[in-house]
Structure formats: structure tokens, C-alpha cells
Amino acid sequence: RRGEGGMSSMGGAAQSRRAPVMPPDKGSFPLDHFQECKEHMTRYLQCMKKHGGDHAACKEDTKMYLSCRMDNGLMTKEDLGKFGLDTDVDLAASRAAQKEHEDKANQKREEGFVAGKARGQKRL
């Protein structure tokens, strides 16, 4: 009688089906185990650090790193234009937009958050 009743409720949880796992849209992004693109990656990361995360200032390093990955079969070959890397970027405009965004975020932090404040101001 031990097998009757008690185990059936626990067995249902073990038999539940999982949702199928879907691969990413662009396929895999393998690690660079042989460090074929380490030099480009390091240069890109140093540039990002130097420019405070302003990716527009590091566009050439980004191109070199992604090209290296594509050339070594570490990612699917794509036109760099799909990454927004084929056009010139106005660095001054990019930095100004980034500063404006940071200024707004800092202002919100300093003023504190008040629920509905922005919505109420728009109605007036």
C-alpha cells in the first residue's frame, strides 16, 4: 500500500514538460579560446575605459575586433554597416548627447523620485 496515493502527487512534478530551448537569432558567439583576437579586444576595452564608455570614440577598434572575430570564424560574417559601423559619427554630438543624458539622470537623483510628479506637470 505504500505506492498508492502518496507518491502520485510528487511524480506529476517530475513528469512536467519543459519549454523548448531556442538558440539566439544570430547563432552562437563562441569564446576566443585561442586568443586570436585578444589584441583587438584589449585595445577596444582600453579605448572604452579611456573615453568613459563612449562607444562612438572607439569605432575603429570596434571594427577591428569584429572583423577579427569574423575572419577567424568566431562569429557569422556580417556587413559592418549592420552594426552601424559604416558611417561617420559626430563625436562632439555623441558626447554632448551622452552628457545631456547623464545630467538628466543626475538631476533626478538629486531631486529624488516623486510618484506622478512628471505626469502632474504635463497636465498643468
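The structure under discussion appears in the preceding block.
Residue indices follow the written sequence of each chain, beginning from 1 at its first position. Reporting in this predicted model follows two pLDDT cut-offs: at least 70 for local features of residues, and 80 or more for side-chain atom pairs to be given and counted; totals over whole chains, interfaces and linings ignore these cut-offs and use all residues. For side-chain calculations, the full set of non-hydrogen atoms in the structure is used, while hydrogens and water are omitted.

### A word on the overall build of the protein
- Helix and strand definitions here come from DSSP, where helices need a minimum of 4 consecutive H or I residues and strands a minimum of 2 consecutive E residues; each element is numbered from the N-terminal end. Each helix and strand counted, the protein has five helices and zero strands in total.
- Along the protein, helices and strands appear, N-terminal first, in the series α-α-α-α-α.
- The buried label applies to any residue whose accessible area, calculated with a 1.4 Å probe on protein chains only, is under 20% of its type's maximum; exposed applies above 50%, and partly exposed to all values in between. By residue count, 17% of the 124 residues in the protein fall in the buried class.
- By the convention used here, residues are in contact when the closest approach between their heavy atoms is within 4.5 Å. Of the contacts made within the protein by residues no fewer than 6 positions apart, 54% connect residues no fewer than 24 positions apart.

### Points about the state of the cysteines
- Any two cysteine sulfur atoms within 2.5 Å of one another count as a disulfide. Inspection of every chain in the model, using the stated rule, returns two disulfides.
- Two residues, C37 and C68, share a disulfide whose sulfurs are 2.1 Å apart. Handedness here is read from the sign of the S-S torsion; for C37 and C68, about -90 degrees, the answer is left-handed. Placement of the pair is C37 in the loop between α1 (6-14) and α2 (38-50) and C68 in helix α3 (residues 59-71), with a sequence separation of 31 residues.
- Judged by its relative accessible area of 0%, C37 falls in the buried class.
- Each disulfide pairs two cysteine sulfurs, and for C47 the partner residue is C58, the sulfurs being separated by 2.1 Å. Between C47 and C58 the disulfide shows an S-S torsion of about -95 degrees. By sign, it is left-handed.

### A look at the pattern of salt bridges
- When a carboxyl oxygen of Asp or Glu lies within 4 Å of a side-chain nitrogen of Lys or Arg, that pair is called a salt bridge. Tallied over the entire structure, the rule returns six salt bridges.
- Note that K82 and E78 form a salt bridge whose closest N and O atoms lie 3.3 Å from each other.
- On the accessibility criterion, K82 (62% relative accessible area) is exposed.
- In this structure E78 comes out as buried when scored by relative accessible area, which is 18%.
- A salt bridge links K104 to E100; its shortest N-O distance comes to 3.5 Å.

### What to know about the side chain of D32
- Mapped onto the elements, D32 comes out in the loop between α1 and α2.
- When charges are counted, Lys and Arg contribute as positive and Asp and Glu as negative, whereas His and the chain ends are disregarded. The side chain of D32 is buried and forms no salt bridge, while R69, the nearest opposite charge, is found at 5.1 Å.
- Each polar contact in these results corresponds to two N or O atoms within 3.5 Å; when the atoms are within protein, one needs to be able to donate a hydrogen and the other to accept it, and residues that are neighboring in sequence are counted only if both atoms are side-chain atoms. For D32, the side chain forms a polar contact with the main-chain nitrogen of E36, separated by 2.8 Å.
- Excluding its chain neighbours within four sequence positions, the residues that come into contact with D32 are C37, K38, R69 and L74.

### What to know about the packing of α2 against α3
- Axis definition: a line fitted to C-alpha atoms, limited for helices to the stretch in contact. Angles are taken between N-to-C directions and run from 0 to 180 degrees. Two elements in contact, α2 and α3, have axes separated by 9 Å at closest approach and are oriented at 155 degrees. Judged by the angle between their axes, α2 and α3 are roughly antiparallel. In terms of crossing hand, the pair formed by α2 and α3 is left-handed. Facing H40, M41, R43, Y44 and C47 of α2, the residues of α3 in contact are D61, T62, M64, Y65 and C68.
- When residue character is reported, Ala, Val, Leu, Ile, Met, Phe, Trp, Tyr, Cys and Pro are called nonpolar, Asp, Glu, Lys and Arg charged, and the others, Gly included, polar. Here the residues of the contact of α2 with α3 sort into six nonpolar, two polar and two charged. Orientation categories follow fixed angle ranges, with anything under 35 degrees roughly parallel, anything over 145 roughly antiparallel, 65 to 115 roughly perpendicular, and all other angles oblique. Working rule for handedness: look at the near helix, and if it is turned counterclockwise from the far one by less than a right angle, call the crossing left-handed; if clockwise, right-handed.

### Here we look at the environment of Q98
- Mapped onto the elements, Q98 comes out in helix α4 (residues 91-111).
- Residue Q98 is classed as partly exposed on the basis of its relative accessible area, which comes to 25%.
- With 44 residues separating them along the chain, Q98 and D54 place their C-alpha atoms 8.0 Å apart.
- Contacts of Q98, omitting those with residues within four sequence positions, involve G52 and D54.

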